[in-house]
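Architecture and fold: a report
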Amino acid sequence: MSEAVQTRKSRHKGELNPRLAAYKGVWVFIEHERGQAHPVSWELLGEGRKLADLLGVELAGVVLGAAGEETRRFCAEACRYGADLCYLMENEVLRDYRNDPFTQGLTELVNTYQPEILLLGATTQGRDLAGSVATTLQTGLTADCTALTIEPENRGLLATRPTFGGSLLCTIVTLNYRPQMATVRPRVMAMPERDASRTGRIVEHPLALAEDDIVTKVLEFIADDSRDKPQLPFADVIVAGGRGLGKPENFQLIWDLAEVLGAEVGASRPVVQAGWVEPDRQVGQSGKTVRPKLYIAVGISGAIQHRVGMEGADCIIAINNNPDAPIFDFAHLGIVGDALTLLPALTEAFRQKLATMKQTG
Ligand code: FAD
């Protein structure tokens, strides 16, 4: 049984229940697979650093894996991305991700060292693990957050996420339980600077668990074939098309511009639902979150469910024939006009410009 705190918050403002106050520090679960860390772990360390500084506590990475250099180097890397220390749990049963041993391991670490905040990526692995760890600890978990900050009075985590189908943003507080857990999708938070000279402590903690104690067995590892699929979340330039393009044949204009710019192609949900492009290209609340340097949105109205997936772009250019389209409220540059006329003209202009640049070296 976990040691989750189940006591009521003090009635006095600013005075934290002593059982809650025993929980200190911000933790980020470092997700990795076959020697590769998931970049969302570093993004979360960037955000975790801000939370830890606001609270005046340490930021820790948490690495679980098979014993060896491959696992240990994630601890060093976590410190380069802002962690003060890293909790390391090594055991052969942690070689490949499985819910059972990872839940037991992470739960044991939390119960031993008592962090007040625990962040995980909202990836397949992170979602699976966060749910079972929160359930085992009987604490609160806010999934798919878009913003995190600290309530100064009670040192509580304010976790903001879309609700009611994305039409509202709500901020959730875990008042009576610790740790306060949250997951965040990749690319929602900015990647922090990596400081190669930064180092930190490593706290090793054993996991007394044998392979025979685990029901789930790994028979074979099949690499994720999505490596060949669109890598929208990490693209620098995205040209995205929406329902305003009118019909599937017109979507070719998006592909043409993307090809000239060396960009990835994105789409709004109606376009995906109509089968014009594959689901992997959907940007938004029920699709991918992207953070490119340039996002060109063509024939997309800018509904909140689309916006939450792309508003982290450095520069948003919107092309829409309706000057009152919501996308113009947050685009950095807006072009009011007919996409079917503008797209071929833009593609040709970029083609010529690039050809001239090549000629002149
Ligand atoms: P519309 O809203 O129909 O907009 C088309 C735009 O094109 C209009 O602004 C119009 O002025 C413009 N236009 C028309 N003709 C032209 C032309 N010739 N030239 C230039 N502009 C033109 N949506 C997503 O995108 N991603 C999601 O992940 C997502 N998740 C959702 C989850 C839930 C739970 C719900 C309820 C909805 C979700 N949606 C999502 C749907 C979302 O609410 C909008 O319906 C959708 O984003 C609208 O897509 P659109 O902008 O392509 O189409």
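Here the structure is shown first, and the text comes after it.
Residues numbered from 1 in each chain as written. Predicted model: local features only at pLDDT ≥ 70, side-chain atom pairs only at ≥ 80, totals over all residues. Heavy atoms only, no water.

1. Section: the overall build of the chain
Assigned secondary structure in the chain consists of nine helices and 17 strands. For a compact globule of 361 residues, the expected C-alpha radius of gyration is about 21 Å, and the chain comes in at 23 Å, within 12% of that figure. Taken along its principal axes, the extent of the C-alpha atoms in the chain is 65 × 50 × 40 Å. The buried share of the chain, taken over its 361 residues, is 49%. For the chain, the accessible surface area stands at approximately 17,500 Å², while carbon and sulfur atoms represent 51% of it. Taking the 37 positively charged and 45 negatively charged side chains of the chain as two groups, their mean positions are separated by 4 Å. (Helix = DSSP H or I, 4+ residues; strand = E, 2+ residues; numbered from the N terminus. Rg over C-alpha atoms; globule rule 2.2 N^0.38 Å. Buried < 20%, exposed > 50% of the residue type's maximum accessible area, 1.4 Å probe, protein only. Areas by Shrake-Rupley, 256 points an atom, 1.4 Å probe, with all protein chains shown as cover. Lys, Arg positive; Asp, Glu negative; His and termini not counted. Charge placed at Lys NZ, Arg CZ, Asp CG, Glu CD.)

2. Observations regarding the environment of S286
Its place among the elements puts S286 in the loop between α7 (269-273) and β15 (294-298). It is 28 Å that separates the C-alpha atoms of S286 and G337, two residues lying 51 residues apart in sequence. Within the local environment of S286, its side chain forms a polar contact with the side chain of Q282, the two groups lying 3.1 Å apart. (Polar contact = N/O pair within 3.5 Å; in protein donor to acceptor, adjacent residues only side chain to side chain.)

3. A few points about the pattern of salt bridges
Taken as a whole, this structure holds 22 salt bridges when the rule is applied. Between E204 and R72 there is a salt bridge, and its shortest N-O distance comes to 3.0 Å. Separated by 132 residues along the polypeptide, E204 in strand β12 (residues 201-204) and R72 in helix α3 (residues 69-80) bring together distant segments of the chain. E77 is the salt-bridge partner of R194, the closest N and O atoms lying 2.6 Å from each other. On the criterion of sequence distance, the pair formed by R194 in the loop between β11 (180-184) and β12 and E77 in helix α3 is long-range, its members being 117 residues apart. Overall, the relative accessible area of 40% leaves R194 in the partly exposed class. (Salt bridge = Lys/Arg side-chain N within 4 Å of Asp/Glu carboxyl O.)

4. Quick notes on the packing of aromatic side chains
All chains considered together, the criterion is met by six aromatic pairs. Here the aromatic rings of W42 and Y81 are separated by 4.9 Å at their centres, their planes lie at 10°, and the arrangement is stacked. Note that W42 is positioned in helix α2 (residues 39-55) and Y81 in the loop between α3 and β5 (85-90), a separation of 39 residues in sequence. The same class applies to W42 and to Y81, which are both buried. Ring centres of F251 and W276 lie 6.4 Å apart, and the angle between their planes is 65°; this geometry places the pair in the edge-to-face category. On the criterion of sequence distance, the pair formed by F251 in the loop between β13 (237-241) and α6 (252-261) and W276 in the loop between α7 and β15 is long-range, its members being 25 residues apart. The lysine or arginine in question, R34, covers the ring of F221, its NZ or CZ lying 3.8 Å from the ring centre. One residue, R73, lies across the ring of F74, its end atom 5.0 Å from the ring centre. (Phe/Tyr/Trp six-rings, centres within 6.5 Å; stacked < 30°, edge-to-face > 60°. Lys NZ or Arg CZ within 6 Å of the ring centre and 35° of its normal.)

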